[in-house]
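# Notes for the structure review
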Amino acid sequence: PQMIKAGQRPDEKTYSTLLRGALWSQSVDGVCSTLWSALNCTEPRRLLDEVLVQSALQLLQKRRAWEEQGRELLEPLRAAGLTVHAPGGAQAQVQAPQAQASCGQFDFSMVKQQQKNQQQSLVRRGGRR
């Protein structure tokens, strides 16, 4: 919320950082909230890295969240101009629901939780990545 309160909008670097954090912590909620937030922006294609998005879709399948959450993301991502596909054997026939959040109302509480989880993980590993 600090970025938005300061009148700044999340950019490609912000979304890449958020997606990398969600992927690193294998957070289905983090991946989904980050992607939906970007999709609700004016030019989501400029905000999202295709390789990270494809990795995010693969994580959703790996974590058994494809049917509930990944499937509904695929078509909006494609409509935004991203060249992504359903991972593995997942079926790509979907209908895009209306996204809930808007670009200016990004919820950074997930980011704080991801950072906390990463710090706890580093402490358990003795500070090594």
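Our subject is the structure listed above.
Attention in this report is confined to the structure presented alongside it. (Residues numbered from 1 in each chain as written. Predicted model: local features only at pLDDT ≥ 70, side-chain atom pairs only at ≥ 80, totals over all residues. Heavy atoms only, no water.)

## With respect to unusual backbone geometry
- Non-glycine residue Gln 26 carries a positive phi angle of around 55°.
- Mapped onto the secondary structure, Gln 26 falls in the loop between helix 2 (12-24) and helix 3 (28-39).
- Non-glycine residue Arg 64 carries a positive phi angle of around 60°.
- Among the secondary structure elements, Arg 64 is positioned in the loop between helix 5 (50-62) and helix 6 (66-79).
- What makes Arg 64 exposed here is its relative accessible area of 76%. (Helix = DSSP H or I, 4+ residues; strand = E, 2+ residues; numbered from the N terminus. Buried < 20%, exposed > 50% of the residue type's maximum accessible area, 1.4 Å probe, protein only.)

## A closer look at helix 6
- Between its terminal C-alpha atoms helix 6 stretches 18 Å, which fits the 20 Å expected from 14 residues at 1.5 Å a residue.
- Those residues of helix 6 lying buried are Trp 66, Gly 70, Arg 71, Leu 73, Leu 74, Pro 76 and Leu 77.
- Just past helix 6, the residue Gly 81 takes up positive phi, approximately 100°. (Expected span 1.5 Å × (residues − 1).)

## Overview of the nonpolar core
- Residues Val 31, Leu 35, Leu 48, Leu 60, Leu 73 and Leu 77 are the most contacted members of the largest nonpolar core, which totals 29 residues.
- At the level of secondary structure, the elements contributing two or more residues to this core comprise helix 2, helix 3, helix 5 and helix 6.
- The biggest single contributor to this core is helix 3, with seven residues.
- Residues within four places of Leu 73 in sequence aside, it is in contact with Cys 32, Leu 35, Trp 36, Leu 39 and Leu 60. (Core = buried A, V, L, I, M, F, W, Y, C linked by side-chain atoms within 4.5 Å. Contact = heavy atoms within 4.5 Å.)

Interpretation in functional terms is not warranted from these geometric data alone.
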